[in-house]
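Structure assessment
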Amino acid sequence: MIRDLREWVALLEREGELVRVGAEVDPHLEVTEIVDRVVKSGGPALLFERPKGSEIPLLINQFGTERRMCLAFGVTSLDEIAARVGEILEMQPPEGLAAKVRGLRTLKSIAGSRPRTVKHGACQEIVLRGDDVDLSRLPIQTAWPQDGGPFITLPAVITHDPRDGRRNVGMYRMQVLGPRATAMHWQLHKDGRADYLFTEGRMEVAVALGLDPITAYSASAPLPKHIDELMVAGFLRGEPIEMVKGVTVDVAVPAHAEIVLEGTIEKSEVVDEGPFGDHTGYYTPVEKFPVFNVSAITMRRDAVYPSIVVGKPPQEDAWLGKATERIFLPAVRMTVPEIVDYDLPVAGAFHNLCIVSIKKAFPGHAHKVMHAIWGLGMLSLTKGIVVVDEHVNVHDYAEVMFYVGANVDPKRDVVISEGPLDHLDHAPTLQFFGGKIGIDATAKGPLEGTREWPPEIVMSDEVRELVDRRWSEYGIGAVPPARGAGIRQSSRRLLRR
Ligand SMILES: Cc1cc2nc3c(=O)[nH]c(=O)nc-3n(C[C@H](O)[C@H](O)[C@H](O)COP(=O)(O)O)c2cc1C
Ligand SMILES: [Mn+2]
């Protein structure tokens with residue numbers, strides 16, 4: 001288990017996954033241009049030791065490859081995490097002693113996931129309050145030329161629902177407005193915003209910066225509102241998160257965080273936020289968002305500040321998204337069991353496109369699944385859905401394109417619907433609400449198609465085996481390796497369980 005950001009940095013370094021940059025580099029644009037090049041070439045995490053204008057080093061690209069994402073979770077494929085989650089979701093009354101023992105162990109691992117309160121936290125080794133609070137001490141990036149200012153981009157924002165006290169943790173960008181204030185970018189559909197809307201007057205908020213990678217990831221996970229992200233992080237880590245009381249707010253904060261911002265948000269105080277170059281690949285325009293007034297900054301000695309750049313995909317956040325895609329597959333299949341697999345292409349910025357394969361069993365089944373996805377958690381914001389048959393590899397976009405071209409009668413198989421859309425989607429005529437497209441690229445049965453559906457071309461197993469056997473005789477050379485690796489193969493493995 002990786003306890004905190006330091007252990008994570010040390011692990012990355014041991015694994016040859018981190019480069020320390022000793023040269024002075026400007027968090028204003030320059031870091032972005034460097035990281036953009038490094039991310040797009042699958043390069044290492046970067047620790048900028050001398051960010052211009054700050055004493056605090058800046059860590060970026062910690063999540064930027066599949067390998068690092070797997071290292072973060074201590075797995076060899078992201079589907080392993082999904083399998084653990086699936087085990088819990090699919091828990092049946094156990095039969096036999098072995099199953100009972102396994103069941104108890106699973107239950108215990110859930111029970112032991114709740115955050116634990118400790119008396120002292122390293123995150124409070126240094127405490128700055130009142131006039132000593134100065135956000136300009138942190139190397140906060142201005143990522144893109146037309147950004148409205150510097151933005152904190154990798155925070156875990158902790159709030160409580162005033163109705164029942166339940167905790168929520170979310171990753172929401174925070175534009176720096178001055179030494180002691182930021183905006184809080186709580187988009188329309190998010191849990192943090194709901195906590196804010198349910199609060200009358202003033203709410204207390206804590207923001208953790210610099211966490212172990214699983215806890216940082218969990219802040220970005222689209223969990224149902226009543227589920228505490230820190231409990232899920234504890235489960236995924238196999239160890240509960242240790243929490244300590246805030247020094248100026250009644251909000252518990254992760255004891256091992258590098259940096260914590262404590263403060264308050266007044267219901268009525270909003271400010272112009274943006275523009276900001278976001279994962280949509282465009283600048284999101286200026287909009288009103290709440291103001292976060294910082295009452296304290298607490299830090300560890302030799303704190304490290306974590307950052308991330310979003311922009312035109314692929315960027316580092318692609319891998320946070322892929323982790324979510326894999327980890328949530330069992331939950332998706334729990335609700336819609338005919339789903340075999342799905343893929344949210346990185347180029348589709350997560351909500352623009354979802355490819356889903358199904359075990360088709362009746363006419364119109366693909367339509368049923370489209371509507372199910374449009375009604376499912378944050379997937380409901382998906383703009384386009386492509387449905388293929390179970391044998392199609394949803395991660396192989398050429399294969400998917402083949403079936404979209406070959407199996408679709410646009411007049412019959414395209415579903416145009418409408419519904420809620422992502423807060424940041426600039427394309428629809430109205431913000432938040434607009435069109436959806438579903439493409440049914442499955443083979444059509446006699447009750448759907450007007451004519452007989454032809455067989456697909458497949459070589460017989462007999463001849464395949466013959467050629468396998470005789471390959472060396474032909475003198476052609478090595479057999480080309482099977483296409484597609486990583487996610488494709490690992491998801492197949494999961495499905496065979
Ligand atoms: C790098 C990064 C930045 C994000 N920035 C925002 C943001 O500014 N506002 C927002 O509402 N969601 C943002 N998100 C998405 C949320 O973190 C995500 O929807 C999460 O599930 C929110 O938590 P919640 O479901 O508890 O509201 C961001 C995600 C990532 C990975
Ligand atoms: Mn939540």
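The structure under discussion appears in the preceding block.
A few points on the structure. All values reported here derive from a predicted model rather than from experimental measurement.

Attention now moves to the pairing of strand 7 (residues 156-160). For strand 7, the tally of buried residues reaches four of five residues, placing the bulk of the element in the interior. The pairing of strand 7 with strand 11 (residues 202-209) spans three bridges and is classified as antiparallel. When the bridges of strand 11 are listed, V157 appears paired with V207.

On to the packing of helix 4 (residues 78-89) against helix 9 (residues 317-327). Where helix 4 meets helix 9, the axes come as close as 8 Å, and the angle between the chain directions of the two elements is 40 degrees. If you check the angle between helix 4 and helix 9, you find them oblique. Classified by chirality, the crossing of helix 9 by helix 4 is right-handed. Contacts between helix 4 and helix 9 involve L78, D79, I81, A82 and V85 from the first element and K322, A323, R326 and I327 from the second. Residue classes in the contact of helix 4 with helix 9 are distributed as six nonpolar, no polar and three charged.

Glancing now at empty space enclosed by the protein. This structure, assessed with the given rule, holds two cavities of 30 Å³ or more. One number sums up the size of the largest cavity: a volume of about 50 Å³. Around the largest cavity, the lining residues are L5, Q62, L154, P155, A156, M171, A208, G210, L211, A216 and P306. When its residues are assigned to classes, the lining of the largest cavity shows nine nonpolar, two polar and no charged.

Calculation notes
- Residues numbered from 1 in each chain as written.
- Chains lettered and ligands numbered in written order.
- Predicted model: local features only at pLDDT ≥ 70, side-chain atom pairs only at ≥ 80, totals over all residues.
- Heavy atoms only, no water.
- Buried < 20%, exposed > 50% of the residue type's maximum accessible area, 1.4 Å probe, protein only.
- Helix = DSSP H or I, 4+ residues; strand = E, 2+ residues; numbered from the N terminus.
- Pairing = 2+ DSSP bridges.
- Axes fitted to C-alpha atoms, helices over the stretch in contact; angles between N-to-C directions.
- Parallel < 35°, antiparallel > 145°, perpendicular 65-115°, else oblique.
- Left-handed = near helix turned anticlockwise from the far one by under 90°.
- Contact = heavy atoms within 4.5 Å.
- Nonpolar A, V, L, I, M, F, W, Y, C, P; charged D, E, K, R; others polar.
- 1 Å grid on protein atoms, 1.4 Å probe; cavity = no way out; pocket = protein on both sides within 12 Å on 5 of 7 lines; lining within 4 Å.
- Points joined across faces, edges and corners; volume = space filled by probe spheres on them.

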